[in-house]
Amino acid sequence: MPQIETIFNTQKFTKKDRDLIAQAYDFAKIAHNGQLRKSGEPYFVHVFTTAKNLAEIGMDSTIIAAGFLHDVLEDTEVKEDEMRQVFGDEITNLVLSVTKLGTVKYTGIQRNVENLRKFFVSIADDMRVIVIKLADRLHNIETLQHVRPDKQKRIALETLEVYAPLADRLSMGKLKGRLEDAAFPYAYPQEYEKTKILRESRTDTAMPELLKVEKNLKKIFNDYNLKNIQIDHREKHLYSLWKKLEKYQMDINHVYDIIAMRVIVKNIEECYLALGLIHGTYKPLPGRIKDYIALPKPNGYRSIHTTIITDTGSIIEIQIRTLEMHQEAEYGLAAHFAYKENINGNDEKYAWIKELRDAQQDETNIDNFFKNLKTDFFHDRVFAFTPKGEIINLPEGGSVLDFAFNVHSEIGMHAEAGEVNGKYAKLDYKLKNGDVVKIIINKKINPSSKWLSFVKSSIARKHIEKYLKQNSLLSRLLSFNQK
Ligand code: MN
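S.K.: Looking at this model, I keep getting lost on the coordination of the manganese ion. Mind explaining?
M.R.: Each angle at a metal carrying four tetrahedral donors should ideally be 109.5 degrees, and each at a metal carrying six octahedral donors should ideally be 90 or 180 degrees. Within the protein, the manganese ion binds to His46 (NE2), His70 (NE2), Asp71 (OD) and Asp136 (OD); these donor distances fall in the range 2.2 to 2.3 Å. Here the donor residues for the manganese ion map to a single chain with the spacing H-x23-H-D-x64-D. Within this pair, whereas His46 is found in helix H3 (residues 43–56), its partner Asp136 is found in helix H8 (residues 127–142), the two being separated by 90 residues in sequence. For the pair His46 and Asp136, a shared accessibility class is recorded, and that class is buried.

Right, dumping it as structure tokens:
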């Protein structure tokens, strides 16, 4: 059985905190007694890990307790009233909301709109519910090997398209990366393998060079009396690497941050000082200096990024930030909980939550709500739908032809045109979120090289290239025979 000390060791808890956590631990252990997960492990291991995930990202004892109890009402004999008596309204209401959220599934259009909407309404109510749900999903996705294969794919896609963007929006970078990397191999197995090999090949050559630069910079910072600077590095998460590669036709030479160095300093002044010292030593790559301290990203991310060229021609991205910025980037909302800041609507950074809450109150305008939500949350993907309501997820700028290939390769190979929301559209017509698309097929049509000039998805590109290659080989053979 997992030990409660593991959780106590994650933070400095008061006696009162410990008592509450211990009470929830015992309660959940008894309630789930005898239940097993598909892996054969006791069910309690799942709720324990959920609570531990929450403790590790700095959540308070109330949220950790709710983490322990999050499956009790749904999966055990314990009744709501009993939980209310023992743990009070706040924790019980959190558990009820998490349970309600658990019924949300990612499927066709109608349910999708509804469900996503419910999903966000509950965030607006209480963001802690989302954080618990993310911690719960993290353990589920990290133990996905025990689930039926057909369910694996659905859960993985749901994680990538609903949960991870939420973690991103709450600027919980660490959680987002773990969710995505655990889901990636189940959602897109071949792309996962390919990306993994590409990353390895690149890290193998770049790492020694990076370590050399790291050592040199440490010395330079020290000479300029910049003390207590932390320098380390990170490998780019596989899923975000793949998404970037997709934009560049899988050409890894366009990606500069496969491994990036991190320089963590005391204050903002030192960020710029460090930047100056770095540029004084290594040439920066033009156009690659980004000051997200002066201009933070929409999710609140702050850092200075620069890319430098070493004497031997290696290219290395360096991210400079304060410790506070670093913690915000890794734990986001959680870091704020840890600082016990009031984030209830007054913090400008979380104003979008208020906007969502306001938008969803306009009951008559689900369409608008959906559109805003989509453009806001899934800004680099387009979600279009088959006439049956099946959701097709395309890269930004995806066309009717991309849609056809993503439905089925045979449909793509013989696509003539489309009908978008009932109107005729050419193959290169760019789709928007929420478009309903019907493909017009003509068996006489075959892929042409012109198609390559506008398709955006790798699956379409792959099929077209394969066809063109086979075809040119065939025509060469035919002309040879005629001689
Ligand atoms: Mn659960």
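S.K.: Where do I start with helix H12 (residues 238–247) in this structure?
M.R.: Each α-helix turn comprises 3.6 residues. Residues three or four places apart therefore point the same way. Burial analysis of H12 places seven of its ten residues in the buried class, which makes it a mostly covered element. Backbone geometry just after H12 places Gln249 at a positive phi near 50 degrees.

S.K.: It is not clear to me how the pairing of strand E5 (residues 304–309) should be interpreted in this structure. Could you clarify?
M.R.: Along any regular strand the residues' side chains alternate between the sheet's two faces. In terms of residue burial, E5 counts as a mostly covered element, since five of its six residues are buried. Where strand E3 (residues 283–284) and E5 come together, two bridges link them in antiparallel fashion. Of the residues in E5, the one forming a bridge with Pro284 is Ile308. Of the pairings in the sheet, the one linking strand E4 (residues 290–291) to E5 comprises two bridges and is antiparallel in character. Looking across to E5, one finds that Lys290 is bridged to His305. Here six bridges tie E5 to strand E6 (residues 315–322), and the two strands are oriented antiparallel to one another. In the sheet register, Ile304 faces E6, and the bridge partner there is Ile320. Where E5 hands over to E6, the hairpin turn is made up of five residues, of which Gly313 adopts a positive phi near 90 degrees.

S.K.: Where do I start with the packing of helix H11 (residues 189–223) against H12 in this structure?
M.R.: For any two helices packed against each other, the geometry comes down to the angle between their axes and how far apart the axes lie. Between H11 and H12, the shortest axis-to-axis distance is 10 Å and the interhelical angle comes to 95 degrees. The angle between the axes of H11 and H12 places the two elements in the roughly perpendicular class. Facing Glu191, Tyr192, Thr195, Lys196, Leu198 and Arg199 of H11, the residues of H12 in contact are Leu238, Leu241, Trp242 and Leu245. Tallied by class, the residues present in the contact of H11 with H12 amount to six nonpolar, one polar and three charged.

S.K.: Is there a simple way to think about the confidence of the model for the protein in this case?
M.R.: Caution applies to low-pLDDT parts of the model: their predicted coordinates are not meant to be read in detail. Taken as a whole, the protein shows an average pLDDT of 83; of its residues, 83% reach a score of 70 or greater. By mean pLDDT, helix H17 (residues 366–377) is the weakest element of the protein at 43, and helix H2 (residues 15–31) is the strongest at 97. Every residue in residues 338–347 scores below 50 in pLDDT, and together they form 15 contacts with partners more than four places removed in sequence or on other chains. Counting contacts from residues 359–378, a segment whose pLDDT is below 50, to residues more than four positions away or on other chains yields 33 contacts.

S.K.: Which parts of the structure should I look at to understand the environment of Lys174?
M.R.: Within the element layout of this structure, Lys174 appears in helix H10 (residues 173–187). By relative accessible area, Lys174 is classed as partly exposed at 39%. Distance from Lys174 to Glu330, taken between C-alpha atoms, is 4.8 Å for residues 156 residues apart in sequence. The contacts of Lys174, once residues within four sequence positions are left out, are Ala329, Glu330 and Tyr331.

S.K.: Can you walk me through unusual backbone geometry in this structure?
M.R.: Keep in mind that most residues, glycine aside, have a negative phi and that most peptide bonds are trans. One non-glycine residue with positive phi stands out, namely Asn228, at about 55 degrees. Along the chain, Asn228 falls in the loop between H11 and strand E1 (230–235). Among the residues examined, Asn228 registers a relative accessible area of 72% and is labelled exposed. Although it is not a glycine, Gln249 sits at a positive phi angle of roughly 50 degrees. For Gln249, the location among the structural elements is in the loop between H12 and strand E2 (259–265).

S.K.: Can you help me understand the environment of Lys15 in this one?
M.R.: Here Lys15 is to be found in helix H2. Only 2.9 Å separates the side chain of Lys15 from the side chain of Asp19, close enough to count as a polar contact.

S.K.: Would you explain the packing of aromatic side chains in this entry?
M.R.: Aromatic rings considered in pairs are described by the distance between their centres and by the relative angle of their planes. One pass over the full model with this rule turns up 14 aromatic pairs. Between Tyr25 and Phe68 the ring centres are 5.7 Å apart and the planes differ by 80 degrees, which places this aromatic pair in the edge-to-face class. Of this pair, Tyr25 sits in helix H2 while Phe68 is found in helix H4 (residues 61–69), placing the two residues 43 residues apart along the sequence. Assigned by exposure class, Tyr25 and Phe68 land together as buried. For the ring pair Phe405 and Trp451, a centre distance of 6.4 Å and an interplane angle of 75 degrees mean the geometry is edge-to-face. With Phe405 in helix H18 (residues 400–407) and Trp451 in the loop between strand E11 (437–441) and helix H20 (458–482), this pair connects stretches of sequence that are 46 residues apart. Residue Phe405 is classed as buried on the basis of its relative accessible area, which comes to 2%. When its relative accessible area of 7% is taken as the criterion, Trp451 is described as buried. Here the aromatic residues Phe184, Tyr188, Tyr192, Tyr239 and Trp242 are joined through ring pairs into a cluster of three or more.

S.K.: Would you explain the pairing of E6 in this entry?
M.R.: Most of E6 is tucked away, with seven of its eight residues classed as buried. In terms of strand pairing, E2 meets E6 through six bridges, oriented parallel. Looking across to E6, one finds that Val265 is bridged to Thr322.

Definitions and limits used
Residues numbered from 1 in each chain as written. Predicted model: local features only at pLDDT ≥ 70, side-chain atom pairs only at ≥ 80, totals over all residues. Heavy atoms only, no water. Donors = N, O, S within 2.8 Å, 3.2 Å for Na, K, Ca; no water. Helix = DSSP H or I, 4+ residues; strand = E, 2+ residues; numbered from the N terminus. Buried < 20%, exposed > 50% of the residue type's maximum accessible area, 1.4 Å probe, protein only. Pairing = 2+ DSSP bridges. Axes fitted to C-alpha atoms, helices over the stretch in contact; angles between N-to-C directions. Parallel < 35°, antiparallel > 145°, perpendicular 65-115°, else oblique. Contact = heavy atoms within 4.5 Å. Nonpolar A, V, L, I, M, F, W, Y, C, P; charged D, E, K, R; others polar. pLDDT = per-residue confidence, 0-100. Polar contact = N/O pair within 3.5 Å; in protein donor to acceptor, adjacent residues only side chain to side chain. Phe/Tyr/Trp six-rings, centres within 6.5 Å; stacked < 30°, edge-to-face > 60°.

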